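Coordinate analysis (summary)
The residues making up each chain are set out below.
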Amino acid sequence: MLFDFHRLPTIILLGALVPIFWSLYRGDRTARVRFWLIGWIVVLIRIFIQVFGDKLGLSPDMVNGVDLGGLQLAGVVFLVSMTRIFQDQRQRLPFFFALAVPSVIYAELFSFGYSHHWVPALLGVSMGIAAFLWVVLYHRRKLERYLLVICSLVLALTIWGIIPASHGRIDIGFYTIETVTYALAGFLYWHSYKRLSSGVTLTSVGFFAWAAVFPAFYAATPQQQTMLIGLSNLPKFCVAIGMIVTLLEDKSHMARLAEVHERATRQQIQRFFQVASRLLSGAEVNGFCGDIARVIAESSNFQRAQILLTDDQRNLYIAGSAGFETANLDAMNASLQRLTIEEIDRLCTSGAEVGPHSFRLNAELAAVLAVPPCSDCVPCPNWERGDKVLVPLLSPRGLLVGCILLDSPREAERVTTEDLAPIEMLSADLAMSIENSHLQRQLVLSEKLAGLGKLVSGAGHELNNPLTAVLGYSEMLATSAQDETTRRGLEVIRRESLRMKQIIDNLLRFARQTRFEKRAVSLTSVLEEVLKLRAYDIKRHAVHIVNDVSADLPGVMVDEGSLKQVFLNILNNSLDAVQGVSGGKIVIEAQIAEGRLQLRFTDNGSGFKNLDRIFDPFFTTKSPGKGPGLGLSVSYGIIKQHGGEISAYNAHPSGAGILIELPIAADQQAISESAVTAKA
């Protein structure tokens, strides 16, 4: 009855602790807590059979088998639940059974006094080798030194304990396995949490004390073993209470983290709202991107942020960044010059979707962005070294105008849809602001040029009447003049009057007051004729012309002479821009986009100094005597009257470009015939 007396308090306490673990598991349905619950149920069953086994009609060997087998099974359950392999759902159960089955069978053979000693010895050795190989192979990509030391030590101790078992001392092997199991569980428990809190300390110390019971029980005399039977229950309660306290500590810690996260989210939303307000109020986007990147890096989960925008050639450049060194930015800018917005679209298609409008790029995909990987991020299922998050900037029309790159998460496990939602909303506001800014510039330019057109149209007509009189009377006087000096003076008046008339005609063309004779024209033939006109100057100034206009492109319905004038004006401006530039180059490209034919002239000169006045009449940056500054304004009027669009932009990092859009002609047969005639 003394034996039963020592076990009854244990049954009562464990009977109270198991429901506590069950209630904790209902609030935290993780695999670890589920295994802990199973382990304590096994311990409770083991103690119950010890006390009431004979009352249930079980033989002493059967009671001993349940006792020792349950003891080993509970130890393996606790041990496996604290390993890193346990976190892998696919490896969890196979690893558990690989350890539990041979060790429990060994305990059962020992409890029933199995006489063939080589069988338990073989089981013990195979279990130790299997555990060693499994752990080493699973962690082969990141095998830390402590893992190798522990695995080697465990394997050595297992073999040391099994060798006597092969000579008839199965008990030594059993006590060695039990000691290693519970001692390793104590170490892994501390290593898993890595904090000196009350719950972690109490549990780890309890496991070590539980492990120490086995060598102490082996070395004790029968009288001392009787005393140890009562004391051996104390480590169990320390472990159980420590686990409960650990779970409560985790809940308290998670509550504090949730509070901190909620406070940080409120601050993030507030700062993002301030940014969005500035964007929607009409702030200049390009000058504001640096502030946006800093706000993202300071208030979001990501320590590094970059905003990439497209220039008018649809090439990417860094508009703002935070968390990057200057040397890295210079290298990235050089790499981005070769990257187009189509590549960003491809990355979005190839990347893994995190949120509705955000994509995670692995190291291989992100390599094209030339972003140096973060050095302090911890690999986890949501993040690996070299990964990036890309948030595309889509305008309301669905046009991709850039992207936001995110890197170096503070907490890798927080790279989730919920955490990226505010950044996605900010990206939508940023894309809308870029679109509105572009449309506003177009509207201002259109209204300004329309006003100028009305002004010069009226002025041109008013000047034409007196100018006609000046021309007529100068010609009449020249025919009646007697002396040579007078005739020369009248000729000067006539010549300058004709020049004034040409300027007025150009102004009227800008104002779209000229009638055109439109017909289907091959763009290639018109362009070739214009290049022939300036072939001498192109060769003399060593300018490299890249004519990337395919002859298979459809034609356009235009006045051929007017279109030649437009091309000639643009080509003249480009030639003037690249004079004095080493390796001067003019690139002419054409493509079909949105049902219109686009022609682009790009040079590597110094670029436009004032884009807002490019099409203003008489605006020029050339030296006096190089032209009145009507070339682009006349070209604007001609293209507009043909139902097209013309725009100017500065290339990145240097140079300028003119983009012309014209409607495609329907009569392609007439175009082909005109092209053949032109070649003949």
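These lines cover the structure that appears in this document, whether it is placed above or below. (Residues numbered from 1 in each chain as written. Predicted model: local features only at pLDDT ≥ 70, side-chain atom pairs only at ≥ 80, totals over all residues. Heavy atoms only, no water.)

1. A word on the overall build of the protein
On a plain count of helices and strands, the protein comes out with 21 helices and 13 strands. Relative to its 680 residues, the protein shows a buried fraction of 46%. Long-range pairs, those at least 24 residues apart, make up 70% of the contacts in the protein between residues at least 6 apart in sequence. Here the protein has roughly 34,700 Å² of accessible surface; of this, 60% comes from carbon and sulfur atoms. (Helix = DSSP H or I, 4+ residues; strand = E, 2+ residues; numbered from the N terminus. Buried < 20%, exposed > 50% of the residue type's maximum accessible area, 1.4 Å probe, protein only. Contact = heavy atoms within 4.5 Å. Areas by Shrake-Rupley, 256 points an atom, 1.4 Å probe, with all protein chains shown as cover.)

2. Digging into the sheet that holds strand 3 (residues 352-355)
The strand order across the open sheet formed by six strands is 2-1-6-5-4-3, and the pairing between neighbours is antiparallel. The open sheet has two edge strands with one neighbour each: strand 2 (316-322) and strand 3. Each strand axis lies, on average, 30 degrees off the axis of its neighbour in the sheet, ignoring direction. Pairing analysis gives three bridges linking strand 4 (residues 358-361) to strand 5 (residues 388-394), with the strands arranged antiparallel. (Pairing = 2+ DSSP bridges. Axes fitted to C-alpha atoms, helices over the stretch in contact; angles between N-to-C directions.)

3. Regarding the packing of aromatic side chains
The description of an aromatic ring pair uses the distance of the two centres, along with the angle that the planes make with each other. Under the counting rule described, the total for this entry stands at 16 aromatic pairs. Aromatic ring contacts, followed pair by pair, group Phe21, Trp36, Trp40, Phe78, Tyr182, Tyr189, Tyr193, Phe207 and Trp210 into a single cluster. Across the ring face of Phe86, the terminal group of Arg92 is positioned such that the distance to the ring centre comes to 4.8 Å. (Phe/Tyr/Trp six-rings, centres within 6.5 Å; stacked < 30°, edge-to-face > 60°. Lys NZ or Arg CZ within 6 Å of the ring centre and 35° of its normal.)

4. Section: the sheet that holds strand 11 (residues 596-603)
Taking strand neighbours across the sheet as the criterion, the five strands line up as 8-10-11-13-12 in an open arrangement whose pairing is mixed. In the strand order of this sheet, the two ends are held by strand 8 (544-548) and strand 12 (645-650), each with one partner. Taking the axes of each pair of neighbouring strands and ignoring which way they run, one obtains an average angle of 15 degrees across the sheet. In the sheet, strand 12 pairs with strand 13 (residues 656-663) via six bridges, with the strands oriented antiparallel.

5. Brief notes about the pattern of salt bridges
If the charged atoms of two oppositely charged side chains come close together, the side chains can form a pair. Under the defined criterion, the tally for this structure stands at 11 salt bridges. Between Arg540 and Asp537 there is a salt bridge, with its nearest N and O atoms 3.3 Å apart. Of the two residues, Arg540 and Asp537 both sit in helix 18 (residues 535-540), three residues apart, roughly one turn of that helix. Residue classification places Asp537 among the buried residues on the basis of a relative accessible area of 19%. What you see here is one network of salt bridges that share partners, running through Arg195, Glu249 and Asp250. (Salt bridge = Lys/Arg side-chain N within 4 Å of Asp/Glu carboxyl O.)

6. What to know about the nonpolar core
In terms of nonpolar packing, the biggest core is built from 56 residues, with Trp36, Trp40, Phe207, Trp210 and Met243 touching the most fellow members. Elements represented by at least two residues in this core include exactly helix 1 (2-27), helix 2 (31-52), helix 3 (60-81), helix 4 (89-111), helix 7 (170-193), helix 8 (198-219) and helix 10 (233-280). The residues touching Trp210, leaving out its near neighbours within four places in the chain, are Trp40, Val43, Leu71, Phe78, Tyr182, Pro235, Lys236 and Val239. In terms of nonpolar packing, the next biggest core, distinct from the first, is built from 36 residues, Val549, Ile586, Ile639 and Ile646 among them. (Core = buried A, V, L, I, M, F, W, Y, C linked by side-chain atoms within 4.5 Å.)

7. Topic: the pairing of strand 6 (residues 400-409)
With 10 of its 10 residues buried, strand 6 lies for the most part within the structure. Where strand 1 (residues 302-310) lies against strand 6, seven bridges are found, and the strand directions are antiparallel. Looking at the pairing, Ala305 lines up with Leu406 of strand 6. Here six bridges tie strand 5 to strand 6, and the two strands are oriented antiparallel to one another. Following the sheet pairing, Leu393 is matched in strand 6 by Gly402. Counting the residues between successive antiparallel strands, the hairpin from strand 5 to strand 6 contains five residues, one of them, Gly398, with a positive phi of roughly 85 degrees.

8. Concerning a nonpolar patch on the surface
Together, Leu93, Phe97, Val101 and Ile105 make up a nonpolar patch on the protein surface, roughly 340 Å² of accessible area in all. Within the secondary structure, Leu93 is located in helix 4. (Patch = residues over 30% accessible without salt bridge, like charges linked within 9 Å, V, L, I, M, F, W, Y side chains within 5 Å.)

9. Describing helix 7
Compared with an ideal rise of 1.5 Å per residue, which puts 24 residues at 34 Å, helix 7 spans 35 Å between its outermost C-alpha atoms and is within 8% of the ideal. In terms of burial, helix 7 is a largely internal element, 19 of the 24 residues being buried. Just downstream of helix 7, Lys194 is the residue with a positive phi angle, here 55 degrees. (Expected span 1.5 Å × (residues − 1).)

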